[in-house]
Amino acid sequence: MKNLLCPISSLRVNETLVRITALLVAVLVTVYIYTRTLPIILLLGIDFYIRAFTNLKYSPLSWVAAQISQRLALSGATIDKAPKIFAARVGFLFTAAISILFFISPTSSVIVGLALIIFALLEAVLNICVGCLVYTYVVF
């Protein structure tokens, strides 16, 4: 893990909010898998798009995470935002793939959804950023 190469920026983000947002992503994808309700994935795609490609302060999920953090009086260190932006772009690609596969091969959409759940839970529970891992291998 010490040899990871992550994108770097001057922008910072609260680590606790990132982890709560990742947990919310895992919960929503799990709900999608059980209900096969495509609007859930479309909402996630919009959320990832906002986090990855806009300068808005909050996406819907990050706003909910901020509310949860505030109500539970959770604090967290600030971390570099660039790896999280890259991870949001990867998440957007995952939700796009899930949406397309929903019509072509529903089983495949579930498999991609399970991968997204695993990545989100790694971030939420173990603080492992798969985006950094992917970025390192893409650059090399």
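Residues numbered from 1 in each chain as written. Predicted model: local features only at pLDDT ≥ 70, side-chain atom pairs only at ≥ 80, totals over all residues. Heavy atoms only, no water.

As for the packing of aromatic side chains
- Enumeration according to the criterion identifies 6 aromatic pairs in this entry.
- Ring geometry for Y32 and F102: centres 6.4 Å apart, planes at 55 degrees, overall tilted. With Y32 in helix α1 (residues 15–35) and F102 in helix α4 (residues 82–104), this pair connects stretches of sequence that are 70 residues apart.
- Exposure remark for F102: the relative accessible area of 22% places this residue in the partly exposed category.
- Grouping aromatic residues by their ring pairs yields a cluster made of Y32, F102 and F103. (Phe/Tyr/Trp six-rings, centres within 6.5 Å; stacked < 30°, edge-to-face > 60°. Helix = DSSP H or I, 4+ residues; strand = E, 2+ residues; numbered from the N terminus. Buried < 20%, exposed > 50% of the residue type's maximum accessible area, 1.4 Å probe, protein only.)

Quick look at the layout of surface pockets
- For the largest pocket, the calculated volume is near 670 Å³.
- Among the secondary structure elements, those contributing two or more residues to the lining of the largest pocket are β1 (12–14), α1, α2 (38–53), α4, α5 (106–126) and α6 (130–139).
- Residue contributions to the lining of the largest pocket peak at 7 residues, all from α4.
- Grouping the amino acids of the lining of the largest pocket by side-chain chemistry returns 21 nonpolar, 7 polar and 6 charged. (1 Å grid on protein atoms, 1.4 Å probe; cavity = no way out; pocket = protein on both sides within 12 Å on 5 of 7 lines; lining within 4 Å. Points joined across faces, edges and corners; volume = space filled by probe spheres on them. Nonpolar A, V, L, I, M, F, W, Y, C, P; charged D, E, K, R; others polar.)

Some points on a nonpolar patch on the surface
- Taken together, the side chains of L23, V27, V31, L121, V125 and L126 define a hydrophobic patch exposed on the protein surface, amounting to about 490 Å² of accessible area.
- Within the residue set of the nonpolar patch, elements represented by two or more residues are α1 and α5.
- With respect to the helices, strands and loops of the structure, V27 is situated in helix α1.
- A residue is classified by how much of its surface remains accessible, and V27, at 43% relative accessible area, is partly exposed. (Patch = residues over 30% accessible without salt bridge, like charges linked within 9 Å, V, L, I, M, F, W, Y side chains within 5 Å. Areas by Shrake-Rupley, 256 points an atom, 1.4 Å probe, with all protein chains shown as cover. Salt bridge = Lys/Arg side-chain N within 4 Å of Asp/Glu carboxyl O.)

Worth remembering: the numbers are spatial, not functional.
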